[in-house]
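Coordinates in review
These are the residues of each chain, in order.
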Amino acid sequence: MRREILFLADSLGANEALCAAYVHVGVDGKRWSGDGAEAGLELYLLERESMLRCLQALWRGTLSSDEQFERSGLKALFSHETQEFAVRRGADVVVDPETRTKGTWASKIIHTIDKLGELAESLRKSLGSPTASTALTAKYGGSFGEQTTQRRLELHLEERHGLGQLLFLMAAATQLTLTDTVQLTKQLARTPATDSAAVYMLVALLAAIDALDPEGEYLERSLPANGHFVNTMKAQLVDETWTVPHLQSAALLQWTVFLDRAAAANVKFQLDHTAHSTPAENLGTSAIIDALTDKAIQSGVFAFLGRGVLAFKRDRTLDDGWSDVGLTVPVLGGELGVSAAAQDWVTETVELLVLEIVTTRTRVLTRLRQREEDILPNSHRGGGHRQSQAGINDGPQARGHHLEALFLLIATLYRDAPEGGLRFWAEDDQARGAGTKSALGFLVWGSECTIPVMVRAFYEMLCSLATGPRAAAYAFQFVADGGTGNPRAAVNAGLNWSMLFRALDYYQRQLDQEPDSETGPPQMPVEEVPLMRAFVRLLRQVVQYSDSAREALYDGQGFKPVATTLALLAKFLPIDLKADLLAAVAAFARPGGSLGVTIARKTWLELEQSQVLLINPYVDPRTGALALAKSRSPLNRDGGLLAELEEVEAHGHVYPESTAFIELLNSLIHLPAPLEPLRHGIDFDSQTIPDTLGAPGREPGIDPYVSFVVDEVLLKTGEREYQDATDRWKITNM
C-alpha cells in the first residue's frame, strides 16, 4: 500500500498524505477496479471534477438574471463567495507549486490549463507505446495500465474544458485583472486550433476585453507609459505572430470595440499614431481604430467566427451557404467541438461582438463593400470557390468576400433561435430587449448590396432573423417595404416581394420552352441557383412563422405562390432547389385557422394537377370504372418525383426532394390537436383532403401518395445507401 501511495503522489505531484487518503478510500469503498493507486487516481480526478462543477454553479448564480433567485438572497450570497475566491483571498495565491510563483486565482487557472495540456499530450503519446515506462515505474515497480491512462487523459481534458468555462464566467463577472487579461492573451497566442480548450479561452478573452472599464484611469496613462496595459495588448494583438492567426483576428476585433468605447468615454484617451501608422499617414485615434478593425476583417475574422467557432450551430442548409466561403478556416477544438453546456455562452459572446460591429462600424463596412463591389464585377459572380485570408499580417487578397461572410455569420448566429432576430428588427427597447442596440440600420444598409453572392448571403441572414412569429412579421414587412425599414420610403428595386415572385414567373416561362436538340431541356443558370434557393428559404421561413404574412402573400397582389412553385417542380432543376420549393409550399399549407384549411385543400388539387408525382389512371376492363388495382402500381416510373428518387437521389445517396415531399404531405393532412382518437383506432376524416381528389382521371383519394410514402420510401430505406447515416432514421421517423 505504501508503494502505491508514493507512486500516486509522484504521478500527480500531490501531497503524500492526501494521496494516502485517496488510496484508502478508493480501496475500502470498492467502487473502482484495479489496485490502490488506480482507485486513488480515479477518486482524485472525480473529486476535482465535482469541485469544478460546484465553482461553475457559484459563478452561474452570480451572473443569473432570474428575479426569484435574486429575491431569495442567493444571488448576493453567491456573489460574495465568488468575490472571495477571485478578488479577496484569490488576489495572492501560489500559481506554480514548483517555482512558488504567486499571482491571482485567475492566473492560476490559466497556468493549470497550460500544464494540463502538456500532461494530456504526454499521456496521449504514452498510449499504446511499449516503451512508456517512466522513472516512476523503475522507482516504485508499478505503472498505470492503458485503460487507466486513457481514462486519466479523458478526465484531464474535461477538466481543461471546465477550467476554460470557469475562466469565461469570471471574465463575464468582471473579475479578471488587467494582468490576467494579458496573461490569457499570451496563452491564447500559442494555442493551436486543435486544442479542445481553445474555444473556451477565446470566449473568455473576448468577455474579459468586453468587460474592461472604458473610463478607467489607467487609460489616461496609456500613451506615455511604455509597456502599459494598452501598449502591451497592442503589441500582443497587432505585432506578435500567433500560432493561429484567426484567433488573433477575433481578439483584435474585440479590442477595437473596447478602444472605440474608451475614445468615446474618455477625452484624454489617445492612441499613439507612431505605433499604428506610418509617419506619412499620421492617423488620429478614430482612424487607427478603423484601420485595426479593417485589419481584423481582412484576416477573415467573420468566416472564422462563423465556421471555426460556431461550427456546432451549422446544419446542412448553412453548410451550403458556407461551402465556398472561408475554406481555410480551422474549426476550433478539432473533433471534440464545444460542449452542449457551453454553446449558449459561446453564441452569446460572439453575438455581442457582432452587434457592436454592425451598429458602430458602418463606415468601415461601407468601405469594405465598395472594395468588394469594385472587384467582383470583373470576377465570377456565382458560386466560384473563395477563401478567407489565412493570417493577421497577410495583405488583403483580391477576393476576400468578407461581407458575404458577415451575413453568413449572422445567419449562423440566429439559426433556430426563435425571436432572436428582434435585436435587429425592433427599434424600441421593450421589443428588442433592454440594453441592446437596434441593428435595423444595418439591414437597410445591407439591402443595398447588388452583387449576387452578397445578395444570396443577405437572404440567408434574413431567413435566420425571421425565426419566430414576431420576427417573421418584421421580416415580411421589411421586404414589403423594399428593404428600407420605412413603408413610405422609395422601394428598393432589388428587394421586394413583387420582384422576387416575378423572378419565379420568369424562370417558369423560360424553363417551359421546348428542349433544344443539342443542349437538351432549358436549365436555370448554375450561378442563379444558390440565389433562388436563398429567396425560397426566406419565403418559407416568413410564411411558416407568420399567419399575417401567409395571408398577405397567398391572397394579395396576385402572386399565386403555390401554383407557381408547384409548376417549377416539373422543370429541369437541381433536387436541392426542388426540396426548398416543396418546403415553401408546405409552409403555406400548414395548420392554422380556416385559411390553413383552405390553402391545404387547394394545394391538394394543384398538386394533383401539376403531376409532381405521376399517377397511372386505371380502368377496370369488366366494369369500365376507374380503380386502382392492387396488382398494379398506381405510380408511373417514367418521370416525376419517383423517377428522380430512383435515378438522382438514390444514385447520390441523398434524399432532399423525397423527404421534403413527405413533409409536404404531412402539412396537407391536418390532424386534430388531441390525437387520442387516432391512438384508439377511431376513424378520422381530415377536412383538408378534397372528396373528389383525382377525379375524374382516377379513383378519388390519396392512395397513390400513401403508396409512394410506404412502398417507395419507407419499405426501401434498408435497401438504399445514405451519405449521412442519420438520414435513414430521419426518414423513418417522419
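Treat the numbers as computed from the prediction; the structure is a model and nothing was measured. (Residues numbered from 1 in each chain as written. Predicted model: local features only at pLDDT ≥ 70, side-chain atom pairs only at ≥ 80, totals over all residues. Heavy atoms only, no water.)

Re the overall build of the chain
In terms of regular secondary structure, the chain is built from 35 helices and two strands. Counting the 734 residues in the chain, one finds 50% classified as buried. A total of about 33,800 Å² of accessible surface is found on the chain, and carbon and sulfur atoms cover 51% of it. (Helix = DSSP H or I, 4+ residues; strand = E, 2+ residues; numbered from the N terminus. Buried < 20%, exposed > 50% of the residue type's maximum accessible area, 1.4 Å probe, protein only. Areas by Shrake-Rupley, 256 points an atom, 1.4 Å probe, with all protein chains shown as cover.)

Section: the pattern of salt bridges
Counted according to the given criterion, the structure contains 34 salt bridges. Across the pair arginine 71 and glutamate 67 runs a salt bridge, and its minimum N-O distance is 3.8 Å. Taken together, the residues span about one helical turn, with arginine 71 and glutamate 67 both in helix 4 (residues 67–71) at a distance of four residues. Note on accessibility: arginine 71 and glutamate 67 belong to one class, exposed. (Salt bridge = Lys/Arg side-chain N within 4 Å of Asp/Glu carboxyl O.)

Some details on the side chain of threonine 293
Turning to its location among the elements, threonine 293 is positioned in helix 14 (residues 285–298). A distance of 2.8 Å separates a polar atom in the side chain of threonine 293 from the backbone oxygen of isoleucine 289. For threonine 293, the side chain forms a polar contact with the side chain of arginine 361, separated by 2.6 Å. The residues contacting threonine 293, other than those within four sequence positions of it, are Leu253, Thr256, Arg361 and Val364. (Polar contact = N/O pair within 3.5 Å; in protein donor to acceptor, adjacent residues only side chain to side chain. Contact = heavy atoms within 4.5 Å.)

Focus on the nonpolar core
The biggest cluster of nonpolar side chains holds 187 residues, and the ones touching the most others in it are Trp255, Phe442 and Trp497. The element contributing the most residues to this core is helix 10 (residues 198–210), with 12 residues. Excluding residues that lie within four positions of it along the chain, tryptophan 255 makes contacts with Ile209, Leu212, Phe229, Val230, Met233 and Leu237. With 16 residues, the next largest nonpolar core counts Tyr22, Tyr44, Leu45 and Phe144 among its residues. (Core = buried A, V, L, I, M, F, W, Y, C linked by side-chain atoms within 4.5 Å.)

Topic: the packing of helix 6 (residues 105–126) against helix 9 (residues 178–189)
Interhelical geometry of helix 6 versus helix 9 gives an angle of 10° and a closest axis separation of 9 Å. As summarised for this structure, helix 6 and helix 9 are arranged roughly parallel, according to the angle between their axes. The handedness of the crossing between helix 6 and helix 9 comes out as left-handed. Contact residues: Ala106, Ser107, Ile110, His111 and Asp114 in helix 6; Asp180, Gln183, Leu184 and Gln187 in helix 9. (Axes fitted to C-alpha atoms, helices over the stretch in contact; angles between N-to-C directions. Parallel < 35°, antiparallel > 145°, perpendicular 65-115°, else oblique. Left-handed = near helix turned anticlockwise from the far one by under 90°.)

Considering helix 27 (residues 547–555)
Within the span of helix 27, buried status applies to Ala549, Arg550, Leu553 and Tyr554. The arc that holds the buried residues of helix 27, viewed along the axis, is 120°, so those residues lie on one side. As for helix 27, its buried residues are in contact with helix 24 (469–480), helix 25 (497–511), helix 26 (529–545), helix 28 (561–569), helix 29 (575–588) and helix 30 (593–610). The first or second residue beyond helix 27 is glutamine 557, which carries a positive phi of 65°. (Arc of directions from axis to C-beta.)

So, helix 10
Because the α-helix completes a turn every 3.6 residues, residues three or four places apart line up on one side. Helix length check: helix 10, at 13 residues, gives a terminal C-alpha distance of 18 Å against a target of 18 Å (1.5 Å per residue), a fit within 8%. Counted residue by residue, helix 10 has 12 buried out of 13 residues, so it is predominantly covered. Among all positions of helix 10, only Ala198, Val199, Tyr200, Met201, Leu202, Val203, Ala204, Leu205, Leu206, Ala207, Ala208 and Ile209 are buried. (Expected span 1.5 Å × (residues − 1).)

Here's the deal with the packing of helix 3 (residues 36–63) against helix 5 (residues 74–88)
With their axes 8 Å apart at the nearest point, helix 3 and helix 5 run at an angle of 125° to one another. Put simply, helix 3 runs oblique to helix 5. Considering how the two elements wind past one another, helix 3 and helix 5 form a crossing that is left-handed. Judged by residue contacts, Leu55, Ala57, Leu58, Trp59, Gly61 and Thr62 of helix 3 engage Lys75, Phe78, Ser79, Glu81, Thr82, Phe85 and Ala86 from helix 5.

Notes on the environment of tryptophan 604
Note on placement: tryptophan 604 falls in helix 30. The spatial distance from the C-alpha of tryptophan 604 to the C-alpha of threonine 688 is 8.2 Å, given a sequence separation of 84 residues. Non-local contacts of tryptophan 604, meaning those with residues more than four positions away in its chain, are made with Leu665, Leu668, Ile669, Thr688, Ile689, Pro690, Leu693, Ile702 and Tyr705. In this structure the side chain of tryptophan 604 is engaged in a polar contact, spanning 3.3 Å, whose partner is the backbone oxygen of leucine 668.

Remarks on unusual backbone geometry
Cis peptide bonds are those with omega within 30 degrees of zero, and the linkage from alanine 695 to proline 696 qualifies with 0°. Within the secondary structure, proline 696 is located in the loop between helix 33 (676–679) and helix 34 (703–713). The phi dihedral of arginine 100 is positive, around 60°, even though this residue is not glycine. Considering the arrangement of structural elements, one finds arginine 100 in the loop between strand 1 (93–96) and strand 2 (101–103). Positive phi, normally seen in glycine, also occurs at glutamine 611, with a value near 55°. Following the sequence through the fold, glutamine 611 ends up in the loop between helix 30 and helix 31 (640–652). We classify glutamine 611 as partly exposed; its relative accessible area is 27%.

A short note on the confidence of the model for the chain
Averaged over all residues, the pLDDT of the chain equals 83, while 82% of them reach at least 70. Within the model, pLDDT remains below 50 along residues 628–632, and this stretch shows 10 contacts once partners closer than five positions in the same chain are excluded. (pLDDT = per-residue confidence, 0-100.)

Quick notes on the packing of aromatic side chains
Under the counting rule described, the total for this entry stands at 23 aromatic pairs. By the ring-pair criterion, three or more aromatic residues cluster together here, those being Phe407, Tyr414, Phe424, Phe442, Trp445 and Phe458. Arginine 89 extends its terminal NZ or CZ atom over the ring of phenylalanine 85, reaching a point 5.6 Å from the ring centre. (Phe/Tyr/Trp six-rings, centres within 6.5 Å; stacked < 30°, edge-to-face > 60°. Lys NZ or Arg CZ within 6 Å of the ring centre and 35° of its normal.)

Remarks on the pairing of strand 1
The pairing of strand 1 with strand 2 spans three bridges and is classified as antiparallel. Each residue of the ladder has a partner; that of valine 93, found in strand 2, is glycine 103. What sits between the antiparallel neighbours strand 1 and strand 2 is a turn of four residues, in which arginine 100 has the positive phi angle 60°. (Pairing = 2+ DSSP bridges.)

Points about the side chain of glutamate 159
Tracing the backbone shows glutamate 159 in helix 8 (residues 146–172). Note on glutamate 159: relative accessible area 9%, which makes it buried.

Quick look at the environment of glutamate 551
As for its position among the elements, glutamate 551 is in helix 27. Of the residues examined, glutamate 551 reaches a relative accessible area of 45% and is grouped as partly exposed. Linking glutamate 551 and glycine 596, residues 45 residues apart in sequence, is a C-alpha distance of 9.2 Å.

Re a nonpolar patch on the surface
A contiguous nonpolar patch, built from Val706, Val710, Leu714 and Leu715 and spanning about 310 Å² of accessible area, is present on the exposed surface. On the secondary structure map, leucine 715 appears in the loop between helix 34 and helix 35 (726–732). Classification of leucine 715 by relative accessible area gives exposed; the value is 59%. (Patch = residues over 30% accessible without salt bridge, like charges linked within 9 Å, V, L, I, M, F, W, Y side chains within 5 Å.)

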